[in-house]
Amino acid sequence: MIPKIQELINQAQDRYLASDELGLMESYVSSLPDRLKLYKLIRDREIDILQSVADQVQSELPNVAVEDLEVGIKNLVLVLRYSSMAMLLNDENFLKERLLSWLEGIMSMRDMRRLNDALYKLLNQVLRQQFSPNQLALLQPLITAAQVTLIY
């Protein structure tokens, strides 16, 4: 849950919510059905999405080491899962705190920039094929945050 809403919930003993705070709560609650639906779709399609990316990256980068490809795909799985949870919670900090700082440290030990660039380009293509523009608007900023952290 977004930190502001969590903070409001924690303050329940002190006061009622102000109008603008109720608006924030209503906005979050009203978007929750769409977020849940997208989360379930990603969960159910994860294998197809990632298999498509893995198949295509091998043709784009035929000389990539199998070990590097495995590490790249495993990291992509984590990014997709954590991005999905951050989207469900509507909390980009969840992604940053739980995954990106750790991945950034791991990736700095290996030069996988070219592979990650290809993986994220392909992931974005597959996501555009699988999901509606409204669904992408919920997920894409989180994927982009991971992409920026790991590539640039």
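Note: the structure precedes this text.
Counting of residues starts from 1 at the beginning of each chain's written sequence and follows it residue by residue. Two thresholds apply to this predicted model, a pLDDT of at least 70 for residue-level local features and 80 or more for giving and counting side-chain atom pairs, whereas whole-chain, interface and lining totals are computed over all residues. Calculation of side-chain values draws on the structure's entire complement of heavy atoms; hydrogens and water are dropped beforehand.

Peer 1: Can you lay out the nonpolar core for me, pointing to particular residues and giving the numbers?
Peer 2: Residues Val 57, Val 79, Tyr 120, Leu 123, Leu 127 and Ile 143 are the most contacted members of the largest nonpolar core, which totals 39 residues. Secondary structure is summarised from DSSP: a helix means a run of H or I of at least four residues, a strand means a run of E of at least two, and numbering begins at the N terminus for each. Looking at this core, the elements that each hand over two or more residues are α2 (19–60), α3 (66–89), α4 (92–108), α5 (113–130) and α6 (133–151). Of all the elements, α3 adds the most residues to this core, at nine residues. If we skip the residues at most four places from it in the chain, Leu 127 touches Ile 49, Leu 136, Leu 139 and Ile 143. Among buried residues, the Ala, Val, Leu, Ile, Met, Phe, Trp, Tyr and Cys ones that are joined through side-chain atoms within 4.5 Å form a nonpolar core. When a residue's accessible area, from a 1.4 Å probe over protein chains only, is under 20% of the maximum for its type it is buried; when over 50% it is exposed; and in between it is partly exposed. Residues are treated as being in contact if the distance between any of their heavy atoms lies within 4.5 Å.

Peer 1: A description of α2 should follow, citing residues and the corresponding values.
Peer 2: A helix is expected to span 1.5 Å multiplied by its residue count minus one. For α2, spanning 42 residues, the distance from its first C-alpha to its last is only 53 Å, which falls clearly below the expected 62 Å at 1.5 Å a residue. Among the residues of α2, those classed as buried are Glu 21, Tyr 28, Ser 31, Arg 35, Leu 38, Ile 42, Glu 46, Ile 49, Leu 50, Val 53, Ala 54 and Val 57.

Peer 1: Pulling in residues and values, what's your account of the environment of Met 25?
Peer 2: As for its position among the elements, Met 25 is in helix α2. Considered as a pair, Met 25 and Ile 9 are 16 residues apart in the sequence and their alpha carbons are 9.9 Å apart. In this view, Met 25 contacts Ile 5, Ile 9 and Leu 17; residues no more than four positions away in its chain are not counted.

Peer 1: Please set out the side chain of Ser 31 residue by residue, giving values where relevant.
Peer 2: With respect to the helices and strands, Ser 31 occurs in helix α2. Relative accessible area serves as the criterion here: at 17%, Ser 31 is assigned to the buried category. Whenever two N or O atoms come within 3.5 Å, that pair is a polar contact, provided that in protein one can donate a hydrogen and the other can accept it, and provided that, for residues adjacent in sequence, both atoms are side-chain atoms. At a separation of 3.0 Å, a polar atom in the side chain of Ser 31 contacts the side chain of Arg 35.

Peer 1: Provide a residue-level description of the packing of α2 against α5, including the pertinent values.
Peer 2: Look at α2 against α5: their axes get within 9 Å of each other, and the N-to-C directions meet at 135°. The angle between α2 and α5 places the two elements in the oblique class. Crossing handedness for the pair α2 and α5: right-handed. On α5, the residues touching Arg 45, Ile 49, Ser 52, Val 53, Gln 56, Val 57 and Glu 60 of α2 are Leu 115, Ala 118, Leu 119, Lys 121, Leu 122, Leu 123, Gln 125, Val 126, Leu 127 and Gln 130. Each residue gets one of three labels, nonpolar for Ala, Val, Leu, Ile, Met, Phe, Trp, Tyr, Cys and Pro, charged for Asp, Glu, Lys and Arg, and polar for the others, Gly among them. The residue makeup of the contact of α2 with α5, split by class, is ten nonpolar, four polar and three charged. Axes, fitted as lines to C-alpha atoms, cover a helix only where it is in contact. Angles between the N-to-C directions of the axes lie from 0 to 180 degrees. Convention used here: angles under 35 degrees read as roughly parallel, angles over 145 as roughly antiparallel, angles from 65 to 115 as roughly perpendicular, and any remaining angle as oblique. Crossings are assigned a handedness: left-handed for a near helix turned anticlockwise from the far helix by less than a right angle, right-handed for a clockwise turn.

Peer 1: With reference to specific residues and values, describe the pattern of salt bridges.
Peer 2: By convention in these notes, a salt bridge is any Lys or Arg side-chain nitrogen within 4 Å of a carboxyl oxygen on Asp or Glu. A full pass over the atoms with the stated rule returns five salt bridges. The partner of Lys 121 in a salt bridge is Glu 60, with the nearest N and O atoms 3.0 Å apart. Here the residue Lys 121 occupies a position in helix α5, and Glu 60 occupies one in helix α2, the gap between them amounting to 61 residues. Accessibility expressed as a relative area gives 38% for Lys 121, which makes it partly exposed.

Peer 1: Tell me about unusual backbone geometry, and name the residues and values.
Peer 2: As a rule of thumb, non-glycine residues mostly have phi less than zero, and peptide bonds are mostly trans rather than cis. Phi is positive for Asn 90, which is not a glycine, with a value near 55°. On the secondary structure map, Asn 90 appears in the loop between α3 and α4. Using a relative accessible area of 29% as the deciding quantity, one classes Asn 90 as partly exposed.

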